[in-house]
Amino acid sequence: EFRREMEKVIATSWRLLRMGRYVTLGIGDNRAECFYIPVSFQLIRSYIAFGFVLDELIVKRQRYCQAFGLGTYLCVQFDFLMFTHEFIATLRKVPRHEVDLMYLPDECYAEHHAEHHAEPGEVAVVAERVLREVPLSPIERKSVVMGSVWSFDRHHRYTFPQLCMSRMVERFGRDNSNWEHVDLILTSNEPAVASMSSDSDSDESTSSVEFQDNGTRAGDYERRRQRQIQQNRAQLLHLGLVSELGEDSSDTAHYLKLLAMPVRPLAPLSLIVVPHIPNSQFLHHHIASYRRALVQITHDASHRLCPAGLLVLGTQDIRDENGKLWPLGMLVLEDVQRAVGSIRLRLKEFIR
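Residues numbered from 1 in each chain as written. Predicted model: local features only at pLDDT ≥ 70, side-chain atom pairs only at ≥ 80, totals over all residues. Heavy atoms only, no water.

Engineer: Explain the sheet that holds strand β5 (residues 85-93) residue by residue, including any values.
Structural biologist: Strand order in the open sheet formed by three strands is β1-β5-β4, with antiparallel pairing between adjacent strands. Both outer strands of the open sheet, β1 (22-27) and β4 (52-61), are each paired with one neighbouring strand and no more. Averaged over all adjacent pairs, the angle separating strand axes in this sheet is 20°, with direction ignored. Pairing of β1 with β5 involves six bridges; the strand directions are antiparallel. For T24, the partnering residue across the bridge sits in β5 and is T90. Against the sheet, helix α1 (residues 2-16) touches β1, β4 and β5, its axis set at about 125° to β4. Across the sheet, helix α2 (residues 39-50) lies against β1, β4 and β5, angled at about 160° from β1, the strand it touches most. (Pairing = 2+ DSSP bridges. Helix = DSSP H or I, 4+ residues; strand = E, 2+ residues; numbered from the N terminus. Axes fitted to C-alpha atoms, helices over the stretch in contact; angles between N-to-C directions. Contact = heavy atoms within 4.5 Å.)

What follows is the structure, given as structure tokens:
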């Protein structure tokens with residue numbers, strides 16, 4: 001019923017707006033049977049299909065709304081993340097023949113699709129896989145109240161995709177099972193290029209936490225005390241005696257522990273994580289190859305994951321060199337649903 005009524009709104013917006021003018025949409029998502037329903041992406045797709053192009057997509061973080069108390073109880077009881085976001089989308093009316101629906105060709109969604117040979121200007125996408133055991137958690141993972149928006153501190157040594165992968169395994173991993181890290185690498189003879197999107201994954205960024213040195217004995221003591229606290233905390237995390245799981249944790253100690261884990265023999269595969277490729281490495285003609293690779297990984301995961309296993313696909317929206325916004329989160333979700341359907345792999349969470 002909501003979709004039918006919104007289709008009337010879309011048609012009215014198209015009729016009233018002049019060509020090149022904008023409509024701004026504020027929309028959240030929903031759940032059914034603890035699974036995620038991407039209402040926002042479905043509605044944005046309806047606007048695009050009618051003759052609009054997406055110019056901006058903003059994630060608005062929200063806290064302590066009216067249902068916050070009930071949400072904290074339900075998310076722990078039924079193991080899902082609280083909604084702490086909504087989308088603000090700005091769409092522009094254009095002639096319908098200029099609308100790019102951004103779909104892949106139908107043959108790209110088939111399982112066991114023949115190996116794609118890159119055309120001139122395209123890149124090949126190579127998947128490197130590493131299997132490891134999921135570190136044991138000292139707490140029940142679902143007992144930590146977490147929202148759908150996570151924040152990460154910049155680190156001088158570890159990249160955002162690495163820290164994000166660590167937290168995904170810490171939150172969604174399963175004790176006494178294995179997880180697989182799938183690293184996608186763009187291979188091309190082209191020189192490194194950057195999109196218009198900002199690069200938030202620079203390895204040269206510095207840690208956001210530093211101690212103030214006022215040149216006094218008290219300042220020296222406080223610096224040593226804080227350093228000792230950090231060392232003690234890291235040792236406890238390494239021994240598995242405490243957990244720092246949360247939507248704004250540092251993740252570095254868990255990441256180091258993650259890399260040191262061997263494979264657990266005969267254990268089920270409960271989690272596959274594909275970290276995102278930073279948008280600074282993309283041009284628009286790289287996107288199709290990237291999406292095709294994710295489709296084939298999805299087919300593979302639907303067969304190899306154990307019952308209730310999870311596939312985590314990391315994406316980052318891209319604004320190409322022509323100024324066009326590619327909402328990769330929405331496009332990859334649609335690719336997955338077109339490839340394997342919404343029954344074999346149902347959407348569990350969508351994290352910003």
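Engineer: Could you give an account of helix α6 (residues 252-259), naming the residues involved and the relevant values?
Structural biologist: Of all eight residues making up α6, six are buried, and the element is well covered by its neighbours. All of the buried residues along α6 are T252, A253, H254, Y255, K257 and L258. (Buried < 20%, exposed > 50% of the residue type's maximum accessible area, 1.4 Å probe, protein only.)

Engineer: Got a sec to walk through the pairing of strand β8 (residues 269-274)? Specific residues and values, please.
Structural biologist: Counting buried positions along β8 gives six out of six residues, so the element sits mostly inside the fold. In terms of strand pairing, strand β7 (residues 178-187) meets β8 through four bridges, oriented parallel. Considered in β8, the bridge of N178 is made with L269. Pairing of β8 with strand β9 (residues 310-313), which is carried by four bridges, proceeds in the parallel orientation. Bridging from a neighbouring strand, V273 pairs with V312 of β9. Each parallel crossover has a hand, and for β8 linked through helix α7 (residues 287-304) to β9 it is right-handed. (Right-handed = clockwise from strand over helix to strand, strands pointing away.)

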